[in-house]
Amino acid sequence: AQTVTQSQPEMSVQEAETVTLSCTYDTSESDYYLFWYKQPPSRQMILVIRQEAYKQQNATENRFSVNFQKAAKSFSLKISDSQLGDAAMYFCSNKGGSNYKLTFGKGTLLTVNP
Amino acid sequence: DAGITQSPRYKITETGRQVTLMCHQTWSHSYMFWYRQDLGHGLRLIYYSAAADITDKGEVPDGYVVSRSKTENFPLTLESATRSQTSVYFCASYDAQLLGSPLHFGNGTRLTVT
């Protein structure tokens, strides 16, 4: 069984500063994939970043990067130079290589203060 | 336009009524999913389908029925709606031929059961 835990229900950050959202997971799969999704007030689910577990290098997408610690089963999201448009609910998720179902954490609501 | 479309976007119904939420995708993805989103629970899997005429239960299937006679459509039916089924429902699809492909989501249906 897969589980995903986001221990921070809410976070806030000042505009232009950096914030890190935490995520831990558990899986019995040796091959798996991790994702961060963003959900703004529009309700749309937007893929932010993806990490393959077999890759040691941390994924980056512009101002978004992850700190993937495989042994610790940790997958945190760092947002640099935060912008007002980054305000949203963020979901961490895990998909096993042999399991097509995506398991989600409960989400972290990020507020960006001007 | 290619993508995944859910309808209706909003629905209000009464307890005991049957409700069907529609989902249509244009990519011919084999896998399709229904999730419900509730505050404090994140996204929870209701049902999923690996192909036309193949469906299986997720984490919270009770009170829901699905069918998939065509690859592109995956409707979700609440046979006798209850207030506990008030939620936001997301349909999603996935390209199983691309290992590690993320889920692509519809824009969700907000269902209120009175």
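Just so it is clear, the structure is predicted and the values come from calculations on it, not from any experiment.

A.B. asks: Which residues make up the overall build of chain B, and what are the values?
C.D. replies: Secondary structure assignment for chain B yields zero helices and 11 strands. N-terminal to C-terminal, the α/β element order of chain B is β-β-β-β-β-β-β-β-β-β-β. For chain B, the C-alpha radius of gyration of 13 Å lies close to 13 Å, the compact-globule estimate for 114 residues. A principal-axis box enclosing the C-alpha atoms of chain B has dimensions of 40 × 30 × 30 Å. Of all 114 residues assigned to chain B, the portion counted as buried reaches 47%.

A.B. asks: Which residues make up the side chain of Gln37 of chain B, and what values do they have?
C.D. replies: Assignment of secondary structure puts Gln37 of chain B in strand E4 (residues 31-38). In this structure the side chain of Gln37 of chain B is engaged in a polar contact, spanning 2.7 Å, whose partner is the side chain of Gln39 of chain A. Excluding its chain neighbours within four sequence positions, the residues that come into contact with Gln37 of chain B are Gln39 and Phe91 of chain A together with Gly42, Leu43, Ser87, Val88 and Phe90 of chain B.

A.B. asks: Before we move on, could you go through the nonpolar core and cite the residues and values that matter?
C.D. replies: Ranked by size, the top nonpolar core spans 24 residues in total, and within it Trp36, Phe75, Leu77 and Tyr90 of chain A carry the most contacts. Among the secondary structure elements, those contributing two or more residues to this core are strand E3 (19-21), strand E5 (32-39), strand E6 (46-52), strand E8 (64-69), strand E9 (74-79), strand E10 (88-96) and strand E12 (108-113) of chain A. Apart from the residues lying within four places of it in its own chain, the contact partners of Leu77 of chain A are Val19, Thr20, Leu21, Trp36, Val48, Ile49, Phe64, Ser65, Val66 and Tyr90 of chain A. With 20 residues, the next largest nonpolar core counts Phe104 of chain A together with Tyr31, Leu103 and Phe105 of chain B among its residues.

About the cut-offs
Residues numbered from 1 in each chain as written. Chains lettered and ligands numbered in written order. Predicted model: local features only at pLDDT ≥ 70, side-chain atom pairs only at ≥ 80, totals over all residues. Heavy atoms only, no water. Helix = DSSP H or I, 4+ residues; strand = E, 2+ residues; numbered from the N terminus. Rg over C-alpha atoms; globule rule 2.2 N^0.38 Å. Buried < 20%, exposed > 50% of the residue type's maximum accessible area, 1.4 Å probe, protein only. Polar contact = N/O pair within 3.5 Å; in protein donor to acceptor, adjacent residues only side chain to side chain. Contact = heavy atoms within 4.5 Å. Core = buried A, V, L, I, M, F, W, Y, C linked by side-chain atoms within 4.5 Å.

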